[in-house]
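So the chains spell out like this:
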Amino acid sequence: GKLLAMKVVQECITQNYTEIDFLRGDESYKLEWQPNKRTYVRIRIFNNNIQGHISRFWLQKLKPRIKRNPD
């Protein structure tokens, strides 16, 4: 993983990138390289029909409960 990250950084430097986003995570190297944090936002859009309402209910109400209570 570190070798791949190093190669990505090297390639970005050769291409004159000014910033590399390593996405979410609390790995220590991310804080060493860039101590500023970004806000993560998730947007979900559902159709205004029965399938959309069922999907929204599943993702917002049922799925989180199933993850917390695996019994």
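Residues numbered from 1 in each chain as written. Predicted model: local features only at pLDDT ≥ 70, side-chain atom pairs only at ≥ 80, totals over all residues. Heavy atoms only, no water.

## Examining the overall build of the protein chain
- Within the protein chain, the secondary structure is distributed over three helices and zero strands.
- Mapped in sequence order, the helices and strands of the protein chain form the string α-α-α.
- Its C-alpha atoms give the protein chain a radius of gyration of 19 Å, clearly above 11 Å, the size a compact globule of 71 residues would have.
- With the C-alpha coordinates of the protein chain rotated into their principal frame, the extents come out at 50 × 30 × 20 Å.
- Counting all 71 residues of the protein chain, 6% fall into the buried class.
- In the protein chain, 14 side chains carry a positive charge and 7 a negative one; their mean positions are 12 Å apart. (Helix = DSSP H or I, 4+ residues; strand = E, 2+ residues; numbered from the N terminus. Rg over C-alpha atoms; globule rule 2.2 N^0.38 Å. Buried < 20%, exposed > 50% of the residue type's maximum accessible area, 1.4 Å probe, protein only. Lys, Arg positive; Asp, Glu negative; His and termini not counted. Charge placed at Lys NZ, Arg CZ, Asp CG, Glu CD.)

## Some remarks on the confidence of the model for the protein chain
- Residues with a pLDDT of 70 or more make up 94% of the protein chain, whose mean pLDDT is 82.
- The element-level mean pLDDT for the protein chain is lowest in helix 2 (residues 28-33), coming to 77, with helix 1 (residues 2-14) highest at 90. (pLDDT = per-residue confidence, 0-100.)

## Considerations on a nonpolar patch on the surface
- Residues Phe57, Trp58, Leu62 and Ile66 make up a contiguous nonpolar surface patch of roughly 380 Å² in combined accessible area.
- In this fold, Phe57 is placed in helix 3 (residues 50-68).
- For Phe57, a relative accessible area of 44% puts it in the partly exposed group. (Patch = residues over 30% accessible without salt bridge, like charges linked within 9 Å, V, L, I, M, F, W, Y side chains within 5 Å. Areas by Shrake-Rupley, 256 points an atom, 1.4 Å probe, with all protein chains shown as cover. Salt bridge = Lys/Arg side-chain N within 4 Å of Asp/Glu carboxyl O.)

## A short note on unusual backbone geometry
- Its identity as a non-glycine residue notwithstanding, Asn16 has a phi of 65°, on the positive side.
- Following the sequence through the fold, Asn16 ends up in the loop between helix 1 and helix 2.

## Brief notes about a positive patch on the surface
- A contiguous patch of positive charge, built from Arg24, Arg42, Arg44, Lys63 and Lys67, is present on the exposed surface.
- Within the fold, Lys67 resides in helix 3.

## Thoughts on the environment of Asn16
- Of the residues examined, Asn16 reaches a relative accessible area of 64% and is grouped as exposed.
- Between the C-alpha atom of Asn16 and that of Glu27, which follows or precedes it by 11 residues, the distance is 25 Å.

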